[in-house]
Amino acid sequence: MAATSEAIHQMLCSAGRSTSHMDLYPKKSNFLVWPNHGLGYRSKSSRHKSSNTISAFHCGPNFNIRFRSLRCKCSQVESVTDAISEKKDPLKGELFANGNGTFSSILQIGSISSLEDEAWELLRASMVYYCGHPVGTIAANDPSDSSILNYDQVFIRDFIPSGIAFLLKGEYDIVRNFILHTLQLQSWEKTMDCHSPGQGLMPASFKVRTVPLDGDDSATEDILDPDFGEAAIGRVAPVDSGLWWIILLRAYGKCTGDLSVQERVDVQTGIKMILKLCLADGFDMFPTLLVTDGSCMIDRRMGIHGHPLEIQALFYSALLSAKEMLTREDASADLITALNNRLVALSFHVREYYWIDMRKLNEIYRYKTEEYSFDAVNKFNIYPDQIPPWLVEWMPNKGGYMIGNLQPAHMDFRFFSLGNLWSIVSSLATNDQSHAILDLCEAKWADLVGDMPLKICYPALDGQEWRIITGSDPKNTPWSYHNGGSWPTLLWQLTVASIKMNRPEIARNAVKVAESRISRDKWPEYYDTKRGRFIGKQSRLFQTWSIAGYVVAKQLLDNPDAAKILVNVEDTELVNAFSCMISANPRRKRPRKGTNQSFII
Ligand code: GLC
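In this report, we go over the structure that sits alongside the text. Just so it is clear, the structure is predicted and the values come from calculations on it, not from any experiment.

### Points about helix α6 (residues 173-186)
Part 1 of the reasoning: Between its first and last C-alpha atoms α6 spans 20 Å; for 14 residues at 1.5 Å apiece the expected length is 20 Å, and the two agree.
Part 2 of the reasoning: Most of α6 is tucked away: 12 of the 14 residues are buried.
Part 3 of the reasoning: Buried within α6 we find I174, V175, N177, F178, I179, L180, H181, T182, L183, Q184, L185 and Q186.

### With respect to unusual backbone geometry
Part 1 of the reasoning: Geometrically, the link from P453 to L454 is a cis peptide bond, its omega value of 0° lying close to zero.
Part 2 of the reasoning: Among the structural elements, L454 can be located in the loop between α16 (445-448) and β17 (457-458).
Part 3 of the reasoning: At the junction of Y458 and P459, the peptide bond is cis and its omega measures out at -5° in the coordinates.
Part 4 of the reasoning: Within the secondary structure, P459 is located in the loop between β17 and α17 (463-470).
Part 5 of the reasoning: The backbone of N381 shows a phi angle near 55°, a positive value even though the residue is not glycine.
Part 6 of the reasoning: Mapped onto the elements, N381 comes out in the loop between α12 (358-365) and α13 (389-394).
Part 7 of the reasoning: The backbone of K522 sits at a positive phi, close to 65°, despite the residue not being glycine.
Part 8 of the reasoning: Looking at the secondary structure, you find K522 in the loop between α19 (504-515) and β18 (527-528).
Part 9 of the reasoning: Residue K522 is classed as partly exposed on the basis of its relative accessible area of 39%.

### Re the site of the ligand
Part 1 of the reasoning: As a structural note, the neighbourhood of the ligand is formed by A139, Y151, F155, R157, D158, M297, D299, Y481, H482, E525, Q543 and W545.
Part 2 of the reasoning: Within the side chain of R157, an N or O atom sits 2.9 Å from an oxygen atom of the ligand.
Part 3 of the reasoning: Summarising the interface, the protein chains cover 96% of the accessible area of the ligand, which totals 310 Å² for the free molecule.
Part 4 of the reasoning: Residue composition of the shell around the ligand, grouped by class: six nonpolar, two polar and four charged.

### Examining the nonpolar core
Part 1 of the reasoning: Core analysis: the biggest nonpolar cluster contains 164 residues, and W245, Y401 and F413 have the highest contact counts within it.
Part 2 of the reasoning: The leading source of residues in this core is helix α10 (residues 309-325), at 11 residues.
Part 3 of the reasoning: Residues within four places of W245 in sequence aside, it is in contact with I179, T182, L183, M202, V267, G270, I271 and I274.

### Section: the packing of aromatic side chains
Part 1 of the reasoning: Throughout the structure, instances matching the rule amount to 21 aromatic pairs.
Part 2 of the reasoning: Ring geometry for W390 against Y458: centres 6.0 Å apart, planes inclined by 80°, an arrangement best described as edge-to-face. Of this pair, W390 sits in helix α13 while Y458 sits in strand β17, and the two are 68 residues apart along the sequence.
Part 3 of the reasoning: Relative accessible area serves as the criterion here: at 7%, Y458 is assigned to the buried category.
Part 4 of the reasoning: Aromatic pair W394 and Y401: ring centres 6.1 Å apart, planes at 80°, arrangement edge-to-face.
Part 5 of the reasoning: Over the face of the ring belonging to W120 we find K169, whose NZ or CZ atom lies 4.7 Å from the ring centre.

Cut-offs applied
Residues numbered from 1 in each chain as written. Predicted model: local features only at pLDDT ≥ 70, side-chain atom pairs only at ≥ 80, totals over all residues. Heavy atoms only, no water. Helix = DSSP H or I, 4+ residues; strand = E, 2+ residues; numbered from the N terminus. Expected span 1.5 Å × (residues − 1). Buried < 20%, exposed > 50% of the residue type's maximum accessible area, 1.4 Å probe, protein only. Near = heavy atom within 4 Å. Polar contact = N/O pair within 3.5 Å; in protein donor to acceptor, adjacent residues only side chain to side chain. Areas by Shrake-Rupley, 256 points an atom, 1.4 Å probe, with all protein chains shown as cover. Nonpolar A, V, L, I, M, F, W, Y, C, P; charged D, E, K, R; others polar. Core = buried A, V, L, I, M, F, W, Y, C linked by side-chain atoms within 4.5 Å. Contact = heavy atoms within 4.5 Å. Phe/Tyr/Trp six-rings, centres within 6.5 Å; stacked < 30°, edge-to-face > 60°. Lys NZ or Arg CZ within 6 Å of the ring centre and 35° of its normal.

This is the structure in structure tokens:
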């Protein structure tokens, strides 16, 4: 198939996706773009020659993974190692090239003045470069680890605290580059065993590979290689990636005051593609997003399929953020209506049915079951026997939380930290519920913070339940990893939530606990045991989001006002629609036929 590169470029731009490298890095090297429709535009050049080729190729199982990469010819082969020695900084100690565009450094920790300085040095050492420009941070930079798996990649969710740290430091380029490059990956052709997931999907992670340039041994090119879950352990779908991307995009605009990025046509298209994917009609009866197990921070089987709280809180936050950012010209009236309706229904559903405290628990304890009617109180047919014995003891008199998941005849009563904290940050929880969640965190400090903040969920699954729900996962044994492990990265979300509710002392106390050992322990990914006393069994050291989570917590505690870039304030239009909905709630009184209201805003 013959076409000119200009024609392809125009076609892509008119489809709303910018493909020009020039947009990102003016006057920089060429790169390769593979748009969705199966046409590839490949442009490569070296000092000695320059050629443009356009090729048609097929998607499907035989689709060559190489061709799905974003390329940029950027340096001579021999200069890769030169670059390492050039970049060696005597102050930073020994440097290791990990072959992924990053430089890891083993710091002489004793020589660094403060914990924050040390964290910054480590964070900078985790930066990943593409064509000489910073585009992200690798997941872990642990030189003692022989099996890196995919920890040498830039994970979208892991980069969020790094991105916030850089924004708050006034270093905007890395965040802008990250946003725009991941956007380009969004439109990649992606397949798993002949099946293509939805177009708006953002990758879980990407990797920068430096390879010799085809046909030119003297030059190399950088390749951005995304993973949409098709290579991930368990082939989990990264549902949270696109939601976090929208949240970071908004934070970028708020922090820099530069709205030109979010207003770009390709960025607006990216937002809409994510929304389209999330708002698509399906068989769902609930406004919550239906996902498979392992589709968020907990990216393995842990019994969180269905409607896990973390996804709902991120979804709500992303919807509100998108509503703020969509330009009038770009957003269709239908999309805005669908978005508003979903926001109202989602907040009603979660506030009403996920919320649990002493009063609600007692109500569930006395539930009647098998209620066939529109007026059912126990709408989801929850059998009171489902209330786990630990919860009867654990629920404090003052405080409450959002349960982990809700499905027909099923409530997952586990406390999931990220979902609860982000419900506060996004205003998915009401003001009273938000305070009550923080009250619970204080009342259950020993369980949730213990010797290292913060438990990913409480309590752990064990015995037969662990065998059935995790499939006897040896990595998720009780009080380890995703099954009740303690994750220092969660400090930053705790900090945003407690600042939003004007209770920063909660975060300050948690930071103190972390500071007492996190550097000595070499910034682990997670801790094990009921109180988080041990470094996790298979925990990586120098885990970037543990480092960045600490940095962001410190930055925000020093400048609480900056938390605004992440907080979603409750929309007054939604509050009004919500109160209409509450008064029409059949639990209270079902309106007579014909009086049903529509909440199109
Ligand atoms: C683990 C975590 C996941 C994280 C990844 C990289 O798989 O569960 O949330 O993104 O490591 O750090």
